[in-house]
Amino acid sequence: GSSKLHTPLLEERIQACVLPGEFLEKNRIFEIKNNISKKIIILCVGSVEPRKNHIALINAFKKVKKQTSVSVELIIAGSETTIAPNLNLTKKINHFVNTNPDVRWEKSPDDKILQELYLACDFTVYPSLEEGFGLPILESLWNAKPCITRNSSAMKEVAEGGGCLMVDTACSDLLAECMLKLIEDNNLRYDLANAATKLQFKTWFDYGKELAINLAAERVTYINQDLPEILPENNFYKEMVNIKRRPLLSICISTYNRSAWVDISLKNLSRLLPNYNPDIEIVICDNASTDDTSDIVQPFLSRKDFSYYSNPVNVGMLGNLR
């Protein structure tokens, strides 16, 4: 459900600006790793939580180990979940790591360690089932490393440019088949890595320019545009939504299971905007979080400038705000 929006027809007015794939804090890698490795290192970057689909990855890795004679190592890089319902997942991953010498879990690696992992690996696997964007896919390609990822949703949009193998990651058998291909086919690994070095990444400058153009053109009416027919008074403002007074600034926070950050953000906004301002609105777009996000936003629901989408109808479109 959702609360009544302070701004009319918000979803219809959203212009999604897809995030760039440029990583300004690190140099792009163009050198392709030797395609004949004594040991194939597979890297999976992402916080350990259910939607990231690590259980399917583990099951696929078990199958791969039984089917190949190549020495293989799996490295999971990401933070562990601290949400009570998901603690069983952390326990399962820890058990698998502790009982398999070819599996390692780098918990919450810093940027330096993460970059070292990217440079050392032969390819990455990003088995997530649902994302708003899929940044680790682009990060893998930025480092000239092929990536296996999901063949649908935001992951497909990011991966279809090249350098990736796409598969239904919910199926551990299919995931294992893809992993086995990249483990045993040196030429395929090289070709995908080479394709990654040829990609043209959207830059932050491109992103800023696109955003500026969208903002500038938001209320433009072209001179050669056909004028609408005369409207009855009761339908006029419904059709001419841009004429109706609305805030000049919408602060949109898109979230999923990040209640602690939402709490910090809302407290800071309350400090900066203690009183109602008709020219500003705050919109929380919550992609059906299972944590205590709904409890965190409750104290703010009485504010006239606050709107809360707890399960947006168009999750894919709103997810691009993330």
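What counts, and where the lines are drawn
- Residues numbered from 1 in each chain as written.
- Predicted model: local features only at pLDDT ≥ 70, side-chain atom pairs only at ≥ 80, totals over all residues.
- Heavy atoms only, no water.
- Helix = DSSP H or I, 4+ residues; strand = E, 2+ residues; numbered from the N terminus.
- Buried < 20%, exposed > 50% of the residue type's maximum accessible area, 1.4 Å probe, protein only.
- Areas by Shrake-Rupley, 256 points an atom, 1.4 Å probe, with all protein chains shown as cover.
- Pairing = 2+ DSSP bridges.
- Axes fitted to C-alpha atoms, helices over the stretch in contact; angles between N-to-C directions.
- Parallel < 35°, antiparallel > 145°, perpendicular 65-115°, else oblique.
- Left-handed = near helix turned anticlockwise from the far one by under 90°.
- Contact = heavy atoms within 4.5 Å.
- Nonpolar A, V, L, I, M, F, W, Y, C, P; charged D, E, K, R; others polar.
- Core = buried A, V, L, I, M, F, W, Y, C linked by side-chain atoms within 4.5 Å.
- Phe/Tyr/Trp six-rings, centres within 6.5 Å; stacked < 30°, edge-to-face > 60°.
- Lys NZ or Arg CZ within 6 Å of the ring centre and 35° of its normal.
- Right-handed = clockwise from strand over helix to strand, strands pointing away.

Undergrad: Break down the overall build of the chain for me, citing the residues and quoting the values.
TA: Within the chain, the secondary structure is distributed over 13 helices and 9 strands. Counting over 322 residues, the chain shows a buried share of 43%. Accessible surface, the chain: about 17800 Å² in total, of which carbon and sulfur atoms supply 54%.

Undergrad: I'd love a proper account of the sheet that holds strand β9 (residues 306–309), names of residues and values included.
TA: Strand order in the open sheet formed by 3 strands is β7-β8-β9, and the pairing between neighbours is parallel. Among the strands making up the open sheet, the edge pair consists of β7 (249–255) and β9. Strand-to-strand twist of the sheet, defined as the mean angle between neighbouring strand axes without regard to direction, takes the value 15°. Bridge count between β7 and strand β8 (residues 280–286): 7 bridges; the pairing is parallel. Note that in β8 the partner of S254 across the bridge is C285.

Undergrad: Describe the packing of helix α2 (residues 54–67) against helix α7 (residues 172–184), listing the residues and the values that go with them.
TA: Contact pair α2 / α7: the axes reach a minimum separation of 8 Å and the direction vectors enclose 50°. On the basis of their axis angle, the class for α2 and α7 is oblique. Relative to α7, the crossing made by α2 is right-handed. On the side of α2, the interface is formed by A56, L57, N59, A60, F61, K63, V64 and Q67, while α7 contributes S172, D173, L175, A176, M179, L180, I183 and E184. When grouped by side-chain class, the residues that make up the contact of α2 with α7 number 10 nonpolar, 3 polar and 3 charged.

Undergrad: Can you break down the sheet that holds strand β3 (residues 103–106) residue by residue, with the values?
TA: Across the sheet, which stays open at both edges, the 6 strands sit in the order β3-β2-β1-β4-β5-β6 with parallel pairing between neighbours. Strand pairing shows two members of the sheet lacking a second neighbour, β3 and β6 (164–167), which therefore form its edges. On average, each strand axis in the sheet is inclined to that of its neighbour by 25°, with strand direction left out of account. Two elements, strand β2 (residues 71–77) and β3, share 4 bridges in a ladder whose sense is parallel. What sits directly across from I75, in β3, is R104. Helix α4 (residues 111–120) rests against β1 (39–45), β2, β3 and β4 (123–126) of the sheet, and its axis sits at about 140° to β1.

Undergrad: Could you give an account of the nonpolar core, naming the residues involved and the relevant values?
TA: One recurring pattern in soluble globular proteins is that nonpolar side chains are buried together. In terms of nonpolar packing, the biggest core is built from 31 residues, with I42, F61, I93, F123, V125, I148 and M179 touching the most fellow members. Contributions of two or more residues to this core are made by β1, α2, β2, α3 (87–98), β3, β4, β6 and α7. When residues of this core are assigned to their parent elements, the largest contribution, 7 residues, is made by α7. Once you skip the residues sitting within four places of it in the chain, F61 turns out to touch I42, V72, E73, L74, F96, D102, V103 and M179. Counting 15 residues, the second largest nonpolar core, distinct from the first, contains L138, C147, A196 and L199.

Undergrad: Please give an account of the pairing of β1 that cites residues and values.
TA: Along β1, 6 of the 7 residues are buried, which leaves the element largely enclosed by surrounding structure. Bridge count between β1 and β4: 2 bridges; the pairing is parallel. By the bridge assignment for β4, L43 is matched with T124.

Undergrad: Kindly report on the packing of aromatic side chains, identifying the contributing residues and their values.
TA: Any pair of aromatic rings gets described here by the distance separating the centres and the angle formed by the planes. Within the structure shown, the criterion is met by 4 aromatic pairs. Ring geometry for W204 against Y207: centres 5.6 Å apart, planes inclined by 85°, an arrangement best described as edge-to-face. Here Y207 and W204 lie together in helix α9 (residues 204–217), a separation of 3 residues that amounts to about one turn. Given the relative accessible area of 18%, Y207 is considered buried. The lysine or arginine in question, K107, covers the ring of W105, its NZ or CZ lying 4.4 Å from the ring centre. Lying over the aromatic face of Y276, K304 brings its terminal NZ or CZ to 4.6 Å of the ring centre.

Undergrad: I'd like a rundown of the pairing of β6, residues and numbers included.
TA: Two elements, strand β5 (residues 147–150) and β6, share 4 bridges in a ladder whose sense is parallel. Along β6, the bridge assignment pairs I148 with L165. For the crossover from β5 across helix α6 (residues 153–159) to β6, the handedness is right-handed.

Undergrad: Please provide a residue-by-residue account of the packing of α2 against α3, values included.
TA: Two packed helices can be described by the angle between their axes and the distance between those axes. It is the contact of α2 with α3, at a shortest axis distance of 11 Å, that shows an interaxial angle of 25°. Classified by the angle their axes make, α2 and α3 are roughly parallel. In terms of crossing hand, the pair formed by α2 and α3 is left-handed. Residues H54, I55, I58, F61 and K62 of α2 pack against L89, K92, I93 and F96 of α3. In terms of residue class, the contact of α2 with α3 is built from 6 nonpolar, 1 polar and 2 charged.

Undergrad: Explain the side chain of T169 to me, using residue names and the numbers behind them.
TA: With respect to the helices and strands, T169 occurs in the loop between β6 and α7. Under the relative-accessibility criterion, T169 is labelled buried at 0%. Each residue touching T169, except ones within four places of it in the same chain, is listed here: N53, A56, Y126, P127, S128, L129, T149, R150 and L175.

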